[in-house]
Amino acid sequence: MTETLSPIAEKGGVLPQGAGAQSVVGHPAWTELKTAVERIRPWQAKDGSIDFAAGEAPARADAEAELARVVAAVEQLAPLLPHNEAYHRALVADLRRWAEGGFQVPDFLDSLLAFQPAAQRVDGRQHLVVFPMYTQNGNPNRNLEAVVLRMVWPDWLAELERTRYDNPLFLGITFEDFTSGYDTHSAVLFPETIAVREAPERFSWGGIFCDREAARFRRVVRAACEVTSLELPEDAEGLLTDQERTQQTFVLWDMVHDRTHSHGDLPFDPFMIKQRQPFWMYGLEELRCDLTAFHEAVKLEADGFPQGRDVQYAVILERLFRFPVTGERNRNYDGLGGQLLFAYLHQHDALRWTDNKLAIDWQRAREVTVALREEIETLYRRGIDRPKLVHWFKAYELVSTYLSPHPGSTWAKGPDALDLSLPPRKLVDEVHPDEFPLSMFYEALAKKLRGVIASTEGITADSATAPVAA
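Note that the coordinates shown come from a computational prediction; the quantities given were computed from them, not determined experimentally. (Residues numbered from 1 in each chain as written. Predicted model: local features only at pLDDT ≥ 70, side-chain atom pairs only at ≥ 80, totals over all residues. Heavy atoms only, no water.)

Quick look at the environment of D334 now. Looking at where D334 falls in the secondary structure, it is placed in helix α12 (residues 333-347). Here D334 falls in the partly exposed class, since its relative accessible area comes to 26%. Taking the C-alpha atoms as reference points, D334 and L284, 50 residues apart in sequence, are found 8.7 Å from one another. (Helix = DSSP H or I, 4+ residues; strand = E, 2+ residues; numbered from the N terminus. Buried < 20%, exposed > 50% of the residue type's maximum accessible area, 1.4 Å probe, protein only.)

This is how it looks when you write it as structure tokens:
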């Protein structure tokens, strides 16, 4: 695995106040911790437990010895991070209790509740995080993971959060180093992924790794521009050459996107956690949040924030080029949102594919993107007065106005093709896995970018510029 430096250290700068005098990843105990965690991970089952009766299981004494190394390393590193004293104390207790209980399904609720990074957001501050957890878009199993990260909380962002975009739980973060669960496509640290005996009443933080987002954006968009012969404006081109600038772009985008899930005319649970819905509903919600970030970015640019201009470019380019061709085609709601944006821009003459070259009228694209947001917002406002199933069909109408449904789709045939005596959640089973297939354009682009997309697995700031064949 590639060792990474913090973005601050890469630029040769002085660590911000609160960043910590010594880097955790430079301490010998971090190497000990990583090594021990990597020894434990293959022994764990999907739920995080270790079955010592399994064929390739270790002796219990071996697992206890490796866990003791983890505990010792945490105790050595803890003095470097006094702001996490309560968490590290609870972490050690949870680790020891896991071993004493025979490595059954882990329960790290006490240490999760003690970890409160959003309570004091300080730019550059380090955190050492150790939890049994799955990693979203990464490892589906609840393996033990160790991550060292830094907060991204510059003064300008803190002021925007305080005055315009209140989001007290949001964490912009960057990787310092990580174990195997993050040597993947995962770019988030969410508390709901952690193994606990019961879910807390509410979560108190959520982190997004803006360095990974920025690095993969730069690599994928550069390759896509080469494949499609798209010429970017000079200020947009700068995002592909400046990692730090792109990280600042994504941390702003993420902060506004994240809060949008609970703002607006919402006819349902904003995060849809407890609801089973057709995947186009999730796709529209994620796209609504991104287009709201775009809308706010237009206002921020007018108010003199250069990050506002950058967010506009990033939203369009990320949505057009990376989302539709990333991941499997099984109910890929983020991919659907990217396909919808492309089709909407194309059908409203803001985007052209002519002579095997892509061209974007950026001023027209801004106007059209705002119009798509307004269509989705109208759907939401009217949805409050509609039964759930009617709302789903109206959302389907919106999407299918611009994207062609699968020829074998039952939903595309309308309500008469469905057994409406069933509860709505049962009708979700009738949704085709690839309800809105890729267009011919995206089928070709996906083949061209397959290798580039794969190369972004585990990407970090210092590996973003490495050459990769399309």
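Here we come to the sheet that holds strand β4 (residues 188-189). Taken together, five strands build an open sheet; the order of strands is β1-β2-β3-β5-β4 and the sheet is mixed. A single partner strand is all that each edge strand has here, and the edge strands are β1 (126-133) and β4. Looking at chain direction, β1 and strand β2 (residues 143-151) are connected through eight bridges and run antiparallel. Its bridge partner lying in β2, F131 is registered against E145. The strands touched by helix α4 (residues 85-100) are β1 and β2; relative to β1, the strand with the most contacts, the crossing angle is about 25°. (Pairing = 2+ DSSP bridges. Contact = heavy atoms within 4.5 Å. Axes fitted to C-alpha atoms, helices over the stretch in contact; angles between N-to-C directions.)

Along the chain, the position of L291 falls in helix α10 (residues 279-302). Taking the C-alpha atoms as reference points, L291 and K46, 245 residues apart in sequence, are found 36 Å from one another. When sequence neighbours within four positions are dropped, the list of residues in contact with L291 reads T369, L372, R373 and I376.

Right, let's get into the nonpolar core. One finds L33 and W411 to be the most contacted residues of the largest nonpolar core, which totals 139 residues. Counting residues per element, this core draws most heavily on α10, which supplies ten residues. (Core = buried A, V, L, I, M, F, W, Y, C linked by side-chain atoms within 4.5 Å.)

The next point concerns empty space enclosed by the protein. With a probe scaled to a water molecule rolled over the atoms, the places where space remains empty come into view. As enumerated under the stated definition, the model contains one cavity of 30 Å³ or more in all. Approximately 30 Å³ is the volume attributed to the largest cavity. What lines the largest cavity is simply F279, R329, R331, N332, L336, Q339, P433, D434 and F436. Broken down by class, the residue content of the lining of the largest cavity amounts to four nonpolar, two polar and three charged. (1 Å grid on protein atoms, 1.4 Å probe; cavity = no way out; pocket = protein on both sides within 12 Å on 5 of 7 lines; lining within 4 Å. Points joined across faces, edges and corners; volume = space filled by probe spheres on them. Nonpolar A, V, L, I, M, F, W, Y, C, P; charged D, E, K, R; others polar.)

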